Every structure is written in structure tokens, then in C-alpha cells.
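Descriptive structure summary
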Amino acid sequence: MQKIDRERLFGVRHTSEYENASSKYIFTPLSRALSLIIVRTPATPNQVTIFWGLLMIASSILLMFGDRILSTIGGIGWVIAYALDYTDGDIARYKDMRSRRGGFQERVNHRTTYPLLMFCAGFGVWYGGSSGFLNISIDPAIYLILGFTAGLGMVSIVDLGANYNSCCPETALERDEGSAAVEGKHFKNQKLFRLIMNLNPLTFTNMKILLPIFAVLGLMDVFVIFYGIFYPMAAFGRYVMLYR
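Here goes a summary of the coordinates provided. (Residues numbered from 1 in each chain as written. Predicted model: local features only at pLDDT ≥ 70, side-chain atom pairs only at ≥ 80, totals over all residues. Heavy atoms only, no water.)

1. Considering the overall build of the chain
Tallying secondary structure elements over the chain gives 9 helices and 2 strands in all. Mapped in sequence order, the helices and strands of the chain form the string α-α-α-α-α-β-β-α-α-α-α. Considering the chain as a whole, with its 244 residues, one finds that 42% of them fall into the buried category. Put simply, of all contacts in the chain between residues at least 6 apart along the chain, 77% involve residues at least 24 apart. With the model as given, the accessible surface of the chain reaches about 13500 Å², and the carbon-plus-sulfur share is 63%. (Helix = DSSP H or I, 4+ residues; strand = E, 2+ residues; numbered from the N terminus. Buried < 20%, exposed > 50% of the residue type's maximum accessible area, 1.4 Å probe, protein only. Contact = heavy atoms within 4.5 Å. Areas by Shrake-Rupley, 256 points an atom, 1.4 Å probe, with all protein chains shown as cover.)

This is the structure:
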């Protein structure tokens, strides 16, 4: 079996002090295991990027049927796909196959699959016939709307920082720091901020771990309601912070 230089494969990764627990203890170990497998194959980094994008699409579609088992499989598929998102960069650097196409494809993947995930989740709850929450009658069409707003909120959260950097390069945000570069600046107590980010269900890594958990518990209606309300609020809050 081909011997892999692990230091060369993983040593280039840049970790942030704000990295949350789901990324550190779930996605990073899983992605490293996948990298060790994929790097031994003829697969190119761009092929890996295209594959995890397609896996995210397929996993999202499984959420549309309103079936607990299919939704759980879809949630697990999203966890695996997001772990693969970590691997393509490792493989590109290890095989010296970095390209702008890969970065372009990754951006396309995120901006298409994030809203698709949420809309499919909302559609699945609607299709499954859910009409109430905590004994409160809800028009099922609301779940379609909330799926749309959740997806729009996710894309807005991603793009607001990129748009800010494009307009204000002299005060550009650190690309890999995410919330730490925006919301984190408003916290004097950085230890508290790191704790909040570890527990925050709105961070994308935490949300992806929660997805299969909500699915297996049959609580996708709660998932859609929560993110359909709070992702747009988080996006608006980020907009206000950056506008100022």
C-alpha cells in the first residue's frame, strides 16, 4: 500500500482558535480519514469537489419525501459531504493540483446546495403533512416559506463577508475566521465568545450535525421553523454590523 506523508497531507491546514467542537472533533477527524483513502486513488481534487456537491444535492432531495428514514440518510449524507469539503484542499496541495476551477466550483457548490438543503427540508415537512407545532395549528405552506427564508439567510451570511471584502479591501475580513471576524469583534470576553460559538446551533458545522439528529427524532418541523426564523435574523445582524 502506498505510504502517505501525513505531515505533508495535513500539515498545511490552518486551524483557528475559534474552531468549534463539531469541526474539531467530528468533521476534521472524518475528513482526514477520507483524505487518506482518496489520496491513494486517481481522483483529482476537482472531481472530489464535484462529487461532494452532487452528494449534497442528492442528500437534500432525500429530505423532500417527509420520511424519517430517508431524511436521516440525507442528514448523514450531508455530514459526509461536508467532511469531503475539507478533503479536496488537502488532496490538491498534496498532489500539487491546485486550480482556480476548484475554488470556483466550491463557491458554486455552497451557494446552490445551502438554499437547496433548507428548501427541501421545508418541502419535506410540508409534503409529510405537518400542520401543527406545540399544539399550535400552522398552515403547512408556512414550512415552504421558512425553508426558503432559511436558505436565503444561509447564502446571505456567506456572501455578506465576501461582498464586504470586495467593496472594502483596505479593511478586509479574515477569510477563514467567519463569525470571529465579524460578530467576534463585538465581544470583549473572547473566551465567552468561543464558548457561544461551540454551542451555537446557527454555525454551519453545528447545523449539519443537528440535521440527522432532528431527522432521526422526527423533528424536522422544529428544524425548519428554527432555521427559517433565525438564519435570516443572523444575516440581517451581520449586514448591520458590516454596514456600520
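2. Examining the side chain of Asp 88
Assignment of secondary structure puts Asp 88 in helix α4 (residues 68-94). With no salt bridge to any partner, buried Asp 88 finds its closest opposite charge in Arg 93, at an N-O distance of 7.3 Å. Polar side-chain contacts of Asp 88 include one of 2.7 Å to the side chain of Thr 49. Those residues in contact with Asp 88 that sit more than four places away from it in its chain are Pro 45, Val 48, Thr 49, Trp 52 and Glu 106. (Lys, Arg positive; Asp, Glu negative; His and termini not counted. Salt bridge = Lys/Arg side-chain N within 4 Å of Asp/Glu carboxyl O. Polar contact = N/O pair within 3.5 Å; in protein donor to acceptor, adjacent residues only side chain to side chain.)

3. Remarks on helix α5 (residues 100-127)
The terminal C-alpha atoms of α5, which comprises 28 residues, lie 40 Å apart, in line with the 40 Å expected from a rise of 1.5 Å per residue. Gly 129 lies just past α5 and shows a positive phi near 85 degrees. (Expected span 1.5 Å × (residues − 1).)

4. Some remarks on the nonpolar core
Formed by 41 residues in total, the largest nonpolar core has its most connected members in Met 118, Met 207, Met 220, Phe 223, Tyr 227 and Tyr 231. Taken together, the elements giving at least two residues each to this core come down to α2 (21-38), α3 (45-62), α4, α5, α6 (141-167), α8 (204-216) and α9 (220-243). Per-element accounting of this core gives the leading share, 8 residues, to α4. The contacts of Tyr 227, once residues within four sequence positions are left out, are Met 118, Ala 150, Pro 201, Leu 202, Met 207, Leu 210 and Pro 232. Listed in part, the 5 residues of the second largest apolar core include Phe 10, Leu 36, Val 39 and Tyr 94. (Core = buried A, V, L, I, M, F, W, Y, C linked by side-chain atoms within 4.5 Å.)

5. Some points on the pattern of salt bridges
With the rule as written, the count across this model stands at 2 salt bridges. Here Arg 93 ties to Asp 90 by a salt bridge, and the two come within 3.2 Å at their closest N and O atoms. With Arg 93 and Asp 90 both in helix α4, this residue pair falls 3 residues apart, about one helical turn. What makes Arg 93 partly exposed here is its relative accessible area of 32%. For Asp 90, a relative accessible area of 0% puts it in the buried group. With its nearest N and O atoms 2.7 Å apart, the salt bridge here joins Arg 111 to Asp 159. On the criterion of sequence distance, the pair formed by Arg 111 in helix α5 and Asp 159 in helix α6 is long-range, its members being 48 residues apart. When its relative accessible area of 26% is taken as the criterion, Arg 111 is described as partly exposed.

6. Let's talk about the packing of α6 against α9
Axis separation between α6 and α9 bottoms out at 7 Å; the angle between their running directions is 30 degrees. Taken together, the axes of α6 and α9 lie roughly parallel to each other. Once α6 is placed against α9, the crossing between them reads as left-handed. Residues belonging to the contact of α6 with α9 are distributed by class as follows: 17 nonpolar, 6 polar and 2 charged. (Axes fitted to C-alpha atoms, helices over the stretch in contact; angles between N-to-C directions. Parallel < 35°, antiparallel > 145°, perpendicular 65-115°, else oblique. Left-handed = near helix turned anticlockwise from the far one by under 90°. Nonpolar A, V, L, I, M, F, W, Y, C, P; charged D, E, K, R; others polar.)

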